[in-house]
Amino acid sequence: MAGILYLVGTPIGNLGDISPRCVEVLSSVDFVAAEDTRVSIKILNHLGIKKQLVSYYEHNQAESGPKIMERLMAGESCALVTDAGMPAISDPGEGLVDLCVKAGIRVVCIPGPCAAVSALALSGLPTGRFTFEGFLPVNKKQRGEQLDELKAEKRTMIFYEAPHKLKATLNDMLTVWGDRELSISRELTKLHEETVRTTLAAACEYYAANEPKGEFVLVVRGAEETEHVISMDEALELVRTLQKEGKSLKDAVKRVASDHGLSKNELYDMAIK
Ligand code: SAM
């Protein structure tokens, strides 16, 4: 009989967040697949668990995934852990789960801390509908395009960010979206944990004078409902005006769709008819 893949959530800072079920599963599996074996050995040592660790991370998953699958198919059970938080959430795991699903291998989640969900719950912003965006692309053009796409997003948005990129990210968000409310959570569950409810403009000003330190989650309020929903004819009129000003059809459509929360494809189809 095939084994089971356990997705085991581990702490995002505070070892006190290790659950009894996490300990039970780490103790009972045949082996542990870890994003960084040097990080995970510390948790296993802390728990007094001796277990074989194999490496499974972003750049070796193509070779490591099939090897783990072979062992699962042969009946062994595996716990997948990452450096912090939930596997598969901006961390390795999604590919391995996909392989298991396709091979009919059972996957069980042992839920643990997740920085995104913790920051969202702390934000004070609407939690009923939200979108998790993970890390924005590093490439400036792709980053701009993604922010542009999110301009009309009404749901609360969650982003992960590294300290050395925080200032640029906040500035880019302010430039593309204008001022918005946001909640910045830093070093969750750790000694210097802090959550500040502020605005993009105030945060840009603060971090221009204070160097960001630690790990960050940004939770940003979605776009306001547009009071006046424009008709397709009005939107096409705006597209034509932008074209007369020298914009290409594609850029004009993208801009109008983003400014008014319309479907880019639908507007483009209408414009070329
Ligand atoms: N799988 C993890 C989870 O479930 O949250 C996320 C891993 S991702 C590679 C790492 C990012 O998560 C960090 O750059 C930061 O944005 C966020 N993060 C992780 N731990 C955090 C913490 N203690 N406080 C704030 N943000 C944290």
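Residues numbered from 1 in each chain as written. Predicted model: local features only at pLDDT ≥ 70, side-chain atom pairs only at ≥ 80, totals over all residues. Heavy atoms only, no water.

This part covers the packing of aromatic side chains. What the rule picks out here adds up to 5 aromatic pairs. Note on Tyr206 and Tyr207: the rings are 4.9 Å apart at their centroids and 85° apart in plane angle, and the pair reads as edge-to-face. On the accessibility criterion, Tyr206 (47% relative accessible area) is partly exposed. Judged by its relative accessible area of 8%, Tyr207 is buried. Sitting over the face of the ring of Phe31, Arg71 holds its NZ or CZ atom 3.8 Å from the ring centroid. (Phe/Tyr/Trp six-rings, centres within 6.5 Å; stacked < 30°, edge-to-face > 60°. Buried < 20%, exposed > 50% of the residue type's maximum accessible area, 1.4 Å probe, protein only. Lys NZ or Arg CZ within 6 Å of the ring centre and 35° of its normal.)

Taken as a whole, this structure holds 1 cavity of 30 Å³ or more when the rule is applied. Space inside the largest cavity adds up to approximately 40 Å³. As for the largest cavity, its lining consists of Thr10, Leu26, Val39, Ser40, Ile43, Leu44, Val81, Thr82 and Asp83. The biggest single contributor to the lining of the largest cavity is helix α2 (residues 37-47), with 4 residues. Residue composition of the lining of the largest cavity, by class: 5 nonpolar, 3 polar and 1 charged. (1 Å grid on protein atoms, 1.4 Å probe; cavity = no way out; pocket = protein on both sides within 12 Å on 5 of 7 lines; lining within 4 Å. Points joined across faces, edges and corners; volume = space filled by probe spheres on them. Helix = DSSP H or I, 4+ residues; strand = E, 2+ residues; numbered from the N terminus. Nonpolar A, V, L, I, M, F, W, Y, C, P; charged D, E, K, R; others polar.)

Attention now goes to the pattern of salt bridges. Tallied over the full model, the rule gives 15 salt bridges. For Lys141, the salt bridge goes to Glu145, with nearest N and O atoms at 3.4 Å. Placement of both Lys141 and Glu145 in helix α6 (residues 140-149) is noted, with a separation of 4 residues, approximately one turn of the helix. Lys141 gets classed as exposed once you look at its relative accessible area, which sits at 62%. Judged by its relative accessible area of 30%, Glu145 is partly exposed. (Salt bridge = Lys/Arg side-chain N within 4 Å of Asp/Glu carboxyl O.)

With that out of the way, let us pick up the sheet that holds strand β8 (residues 181-186). Across the sheet, which stays open at both edges, the 5 strands sit in the order β6-β7-β10-β8-β9 with mixed pairing between neighbours. Of all strands in the sheet, those bounded by a partner on one side alone are β6 (130-135) and β9 (194-199). Between one strand axis and the next, the sheet turns by 20° as a mean value, whatever way the strands run. Across the sheet, helix α5 (residues 115-123) lies against β6, β7 (156-161), β8, β9 and β10 (216-220), angled at about 50° from β10, the strand it touches most. Together, β7, β8 and β10 form the strand contacts of helix α7 (residues 163-177), whose direction differs from that of β10 by roughly 10°. (Pairing = 2+ DSSP bridges. Axes fitted to C-alpha atoms, helices over the stretch in contact; angles between N-to-C directions. Contact = heavy atoms within 4.5 Å.)

A few words on the site of the ligand. What surrounds the ligand is a group of 18 residues, the closest being Ile89, Asp91, Tyr160, Leu188 and Phe216. A distance of 2.8 Å separates a nitrogen atom of the ligand from a polar side-chain atom of Asp91. Coverage of the ligand by the protein chains reaches 91% of its 580 Å² of free accessible surface. If you map the ligand onto the pockets, it falls in the largest pocket. For the shell around the ligand, the secondary structure elements donating two or more residues are β7 and β10. Among the residues making up the shell around the ligand, the classes are represented as 11 nonpolar, 2 polar and 5 charged. (Near = heavy atom within 4 Å. Polar contact = N/O pair within 3.5 Å; in protein donor to acceptor, adjacent residues only side chain to side chain. Areas by Shrake-Rupley, 256 points an atom, 1.4 Å probe, with all protein chains shown as cover. Sits in = over half its atoms within 2 Å of the grid points.)

For an α-helix the count is 3.6 residues per turn, leaving residues at separations of three or four pointing the same way. Within helix α1 (residues 20-28) the residues assigned to the buried category are Cys22, Val25 and Leu26. For α1, the angular spread of the buried residues around the axis is 100°, confining them to a single face. Relative to its buried face, α1 has exposed residues pointing more than 90 degrees away, namely Pro20, Glu24 and Ser28. The inward-facing, buried residues of α1 abut β1 (4-8), β2 (31-34), α2, β4 (78-81) and β5 (106-110). (Arc of directions from axis to C-beta.)

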